[in-house]
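Residue strings, one per chain:
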Amino acid sequence: MLLNPTKYDIKHSDKRFQEIVEKTINFFESKGLAKIKEDDKHRIWYADFLEFVKKEAIFATLLRPTEYGDPDSRWDTWRIAHYSEILAFYGLAYWYTWQVSILGLGPIWMSKNEHLKQLAGKQLQEGEVFAFGLSEKAHGADIYSTEMSLKPLEDGTYLANGSKYYIGNGNVAKLVSTFGKMTDSGDYVAFVANYQHENYECVKNIVSSQSYVAEYALNDYPIEEQDILAKGQEAWDTVLNTVNVGKYNLGWASIGMSTHAMYEAIDHASKRSLYNMYVTDFPHVKQLFVDAYSRLIAMKLFALRAADYMRVAGPDDRRYLLFNPVVKMKVTTQGEEVIDLLWDVIAAKGFEKDTFFEMAARDIRALPKLEGTVHVNVALIVKFMANYFFKPAEFSAVATQSQTANDDFLFNQGAARGLGKIQFHNYRLAYDSMNLPNIRLFKRQIRLLKLLLIMAKPNQAQRKDVDFLLSLGELFTLVVYGQLIIENAKIYNLEDNLLDQIFDFMVRDFSKFALQLYSKTGSTKRQMRLCSMMIKKPVINKRCFDWVWNNEVYALKDQYKMRD
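Every value quoted in this text rests on a predicted model; they were computed, and no experiment measured them.

(A) The arrangement of the overall build of the protein chain in detail. Check the secondary structure of the protein chain and you find 21 helices and 10 strands. A compact globule built from 564 residues would reach a C-alpha radius of gyration of about 24 Å, and the protein chain, at 24 Å, matches this within 12%. Taken along the three principal axes of its C-alpha coordinates, the protein chain extends 75 × 60 × 40 Å. Residue burial in the protein chain is summarised as follows: out of 564 residues, 60% are buried. In the protein chain, of all internal contacts separated by at least 6 residues, the share reaching a separation of at least 24 is 80%. By element, 51% of the accessible surface of the protein chain is carried by carbon and sulfur atoms, the whole surface being about 22,600 Å². Positive and negative side-chain charges of the protein chain, numbering 69 and 68 respectively, have mean locations separated by a distance of 8 Å.

As structure tokens, this is what we get:
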């Protein structure tokens, strides 16, 4: 399941994408880890990578709907996910310029402005990158309070004034999709700006990094009608739907970095001798590695499956709006967990300047905090809980969606509301399809959670208590997480031993969050009783554990090492 660039064995039927993958891997492997680390240390802008992207027309191929490119061009979530993983495997900075280009393009492909769509297609062909001006210094992600303004003038043009903060590529993007409000009506508006204009002020890079995360200001910046992407409710929907599309990729960044770190950690530990034993001979080290590996495989299974639901989405199937924030929230925090587990094994090695791990340990922390914090995404996730548990609907089975096609619906999602009406297929279909010990135990925990929602449902005060809802949301998220993991384990013929080991940590995590909910100041006696019943010890199976260690984890030794 894990990416190994030197043994890349996913043979894509799309020959153009296969070529892009091979050339990208060769670019980074030829560059070498020492040069990647040197550029990172000295915060060198990745001009060499962007020149490579331009030369090979990579963003032009992967980020253009076919009608604005050539026959090989399309917006294909399957390709985008795999490419996100590869870029992050070599460094978050390379992934970041790609990610913020995705966000900057979202409002353009969603707009009705044909002029800007054609311009974006042309600029992609020329190797340009893009930016998304949403957040502001004073308000962060509170876009209700945006102060960027667009003032109408008598001649039918406009003047833009205001500033944006945390804007990747804001130093070089010729099309910066910008969100603001009209000064006369207070309606929302989305428009584009160009960093080259004299009234565009790139104030500074707000981070100490290779990436350029800009603060920019528009000072009486002239805007014409042809520069406007959307107005009113349509502008609001456009920016939120763009985030729906883009935030999914943060999970893949976490998967890519964690995978590279896993190879480094197992190589180091398997060769280091302490007390006349190799580090990998210690029982607690085996446990740490098996936990990290199981979590990493689960991350990838879930993220792959979420892509399937994105690609089948339509007006009557919006299940992706639950699965996407779970990728954003859960997969990224699991990436932190994987790095922490590996770090406990390699200890001081994780600080060494010549390792990829040192970079990953720093950068993995960013992903849960971008495109909406964990708290924001959990608050979104709990809105789906009632329908998920109690009002299932009939849907056709969803196969793996690796077909060659534009994901047109992602740019025609409609209004960013009505989440409480979205229905899901019955989660029990997945859980009842497997009869492994820890899945059976996890199902008992799920039943107790449902019982809490029926017999001890949150009262009015608790429903307003974000701290309480966060723990409840974590429990619900685990149920969704497990469902898609099982669905994809069957598709990818995952070994039962590995799947049961995944649910070993799932049972423990469910117990952890149940204890947190139990401990909340506002929890009632009935809720506390039910939470205490949710706390379970996984079914211990030494044969299963040893199989995963020997056949999956220790087998990674000497499988990949990036040249210096």
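Still more to cover.
(B) Here's a closer look at the nonpolar core. Residues F49, F289 and I502 are the most contacted members of the largest nonpolar core, which totals 186 residues. In this structure, I502 is in contact with S294, I297, A298, L301, I485 and L494, ignoring residues within four places of it in sequence. Counting 18 residues, the second largest nonpolar core, distinct from the first, contains A131, L150, A193 and I223.

(C) Here's a closer look at the packing of helix 16 (residues 437-455) against helix 20 (residues 525-534). It is at 9 Å that the axes of helix 16 and helix 20 come closest, and there the two elements cross at 175°. In terms of axis orientation, helix 16 runs roughly antiparallel to helix 20. Each of Q445, L448, L449, L451, L452 and M455 in helix 16 lies in contact with helix 20, whose residues at this interface are R526, Q527, L530, C531, M533 and M534.

(D) A look at the side chain of Q18. Take Q18: it is sitting in helix 1 (residues 15-31). A relative accessible area of 10% places Q18 in the buried class. Excluding residues within four positions of it along the chain, Q18 makes contact with Y8, I10, K11 and H12.

(E) Broad picture of the packing of aromatic side chains. By the definition in use, this model includes 45 aromatic pairs. Taking 6.4 Å as the distance between ring centres and 65° as the angle between the ring planes, the aromatic pair formed by F89 and Y263 counts as edge-to-face. Of the two residues, F89 is situated in helix 5 (residues 77-90) and Y263 in helix 9 (residues 248-271); the sequence distance between them amounts to 174 residues. The exposure class assigned to F89 is buried, which follows from its relative accessible area of 0%. With relative accessibility at 3%, the residue Y263 sits in the buried group. Between Y309 and F323, the ring centres sit 4.9 Å apart and the planes meet at 55°, which makes this aromatic pair tilted. Taken together, the residues span a long stretch of sequence, with Y309 in helix 10 (residues 283-311) and F323 in helix 11 (residues 320-346) at a distance of 14 residues. Take Y309 and F323: they sit in the same class, and that class is buried. Here the guanidinium or amino end of K330 rests over the ring plane of Y481, the centre of that ring lying 6.0 Å away.

(F) Layout of the side chain of T77. Of note, T77 is situated in helix 5. On the accessibility criterion, T77 (4% relative accessible area) is buried. At 2.7 Å, the side chain of T77 forms a polar contact with the side chain of D407. Excluding residues within four positions of it along the chain, T77 makes contact with Y248, A307, M310, R311, D407 and L410.

(G) Spatial organisation of empty space enclosed by the protein. Tallied over the entire structure, the rule returns 1 cavity of 30 Å³ or more. Volume-wise, the largest cavity comes out at about 40 Å³. Looking at the lining of the largest cavity residue by residue, the class counts come to 6 nonpolar, 2 polar and no charged.

(H) Expanded view of the pattern of salt bridges. This structure, assessed with the given rule, holds 37 salt bridges. When the shortest N-O distance is used, the salt bridge between D76 and R311 registers 3.3 Å. Taken together, the positions of D76 in the loop between helix 4 (58-62) and helix 5 and R311 in helix 10 put the pair 235 residues apart, joining distant regions of the chain. Just as D76 is buried, R311 falls in that class too. Here K443 makes a salt bridge to D432, at a shortest N to O gap of 3.0 Å. Remark: D432 occurs in the loop between helix 15 (428-431) and helix 16 and K443 occurs in helix 16; sequence separation between them is 11 residues. What you see here is one network of salt bridges that share partners, running through D14, R74, D76, R79, R311 and D407.

(I) Structural context of helix 8 (residues 233-246). Its 14 residues place the ends of helix 8 20 Å apart at the C-alpha level, agreeing with the 20 Å of an ideal helix rising 1.5 Å per residue. When you tally the buried positions in helix 8, you get 11 out of 14 residues, the bulk of the element. Residues of helix 8 that are buried include every one of A235, W236, D237, T238, V239, N241, T242, V243, N244, V245 and G246, and no others.

(J) Expanded view of the layout of surface pockets. The computed volume of the second largest pocket comes to approximately 560 Å³. Lining the second largest pocket are 27 residues, with M1, D9, I10, H82 and K300 sitting closest to its centre. Elements that contribute at least two residues to the lining of the second largest pocket include exactly helix 5 and helix 10. Ranked by residue count, the leading element in the lining of the second largest pocket is helix 5, at 4 residues. Along the lines of polarity and charge, the residues of the lining of the second largest pocket split into 11 nonpolar, 7 polar and 9 charged.

(K) Here's a closer look at the pairing of strand 2 (residues 149-152). Pairing of strand 2 with strand 3 (residues 158-168) involves 4 bridges; the strand directions are antiparallel. Across the sheet, the residue bridging to L150 is A160, located in strand 3. Hairpin connection, strand 2 to strand 3: the antiparallel pair is bridged by 5 residues, and G156 has positive phi, about 90°. The pairing of strand 2 with strand 4 (residues 176-182) spans 2 bridges and is classified as parallel. Bridge pairing links L150 to M182 in strand 4.

(L) Region of the structure containing unusual backbone geometry. A positive phi angle, close to 55°, is found at R43, a residue other than glycine. Mapped onto the elements of the fold, R43 is located in the loop between helix 2 (33-41) and helix 3 (47-56). Here R43 falls in the partly exposed class, since its relative accessible area comes to 47%.

(M) Quick peek at the packing of helix 5 against helix 6 (residues 92-110). Following both chains from N to C, one finds helix 5 and helix 6 inclined at 145°, their axes separated by 6 Å at the closest point. Mapping the contact onto sequence places I80, Y83, S84, L87, A88 and Y90 in helix 5 and L92, Y94, W95, W98 and I102 in helix 6. Residue composition of the contact of helix 5 with helix 6, by class: 10 nonpolar, 1 polar and no charged.

Rules and cut-offs
- Along every chain, residues carry numbers that run from 1 in the direction the sequence is written.
- Note on the predicted model: pLDDT of at least 70 is required for a residue's local features to be given, and 80 or more for side-chain atom pairs to be given and counted; whole-chain, interface and lining totals, by contrast, use all residues.
- Side-chain descriptors were evaluated using all non-hydrogen atoms of the structure, hydrogens and water having been removed beforehand.
- The numbering of helices and of strands both runs from the N terminus, where a helix is a DSSP run of H or I of at least 4 residues and a strand a run of E of at least 2.
- For this measure, only C-alpha atoms enter the radius of gyration; the expected value for a globule follows 2.2 Å times N^0.38, where N is the number of residues.
- Each residue is assigned to one of three classes by its accessible area relative to the maximum for its type, calculated with a 1.4 Å probe on protein chains only: buried under 20%, partly exposed between the two thresholds, exposed over 50%.
- In what follows, residue pairs with any heavy atoms lying within 4.5 Å of each other are defined as contacts.
- Accessible areas in this description were obtained via Shrake-Rupley with a 1.4 Å probe; residue shielding takes into account the shown protein chains only.
- Charge convention: Lys and Arg are scored as positive, Asp and Glu as negative, and His as well as the terminal groups of each chain are ignored.
- By convention, the point assigned to a charge is CZ for Arg, NZ for Lys, CD for Glu and CG for Asp.
- We define a nonpolar core as any set of buried Ala, Val, Leu, Ile, Met, Phe, Trp, Tyr and Cys residues linked to one another through side-chain atoms lying within 4.5 Å.
- Lines fitted to C-alpha atoms define the axes here, with helix axes fitted over just the stretch in contact, and angles between the N-to-C directions of these axes take values from 0 to 180 degrees.
- Comment on the angle field: the value is read as roughly parallel under 35 degrees, roughly antiparallel over 145, roughly perpendicular from 65 to 115, and oblique elsewhere.
- Ring pairs are drawn from Phe, Tyr and Trp, using the six-membered ring of Trp, whenever the two centres fall within 6.5 Å, and their geometry is named by plane angle: stacked under 30 degrees, edge-to-face over 60, tilted for the rest.
- Here, a charge over a ring means that NZ of Lys or CZ of Arg falls within 6 Å of the ring centre while also lying within 35 degrees of the ring normal.
- Pairs of N or O atoms within 3.5 Å make up the polar contacts considered here, provided that, within protein, one atom can donate a hydrogen while the other can accept it, and that residues adjacent in sequence are counted only when both atoms are side-chain atoms.
- Here a cavity denotes grid points, spaced 1 Å and computed from the protein atoms alone, that fit a 1.4 Å probe unable to get out, and a pocket denotes an open set having protein on both sides within 12 Å along at least 5 of 7 lines; residues with an atom within 4 Å of a point are the lining.
- Grid points are joined across faces, edges and corners, and a volume is the space filled by probe spheres set on the points.
- Each residue receives one of three labels: charged for Asp, Glu, Lys and Arg, nonpolar for Ala, Val, Leu, Ile, Met, Phe, Trp, Tyr, Cys and Pro, and polar for the others, Gly being one of them.
- The term salt bridge refers to a pairing of a side-chain nitrogen on Lys or Arg with a carboxyl oxygen on Asp or Glu at a separation within 4 Å.
- Between the first and last residue of a helix there are one fewer steps than residues, each counted as 1.5 Å, and that sum is the expected span.
- Pairing between two strands requires that DSSP report at least two bridges joining them.

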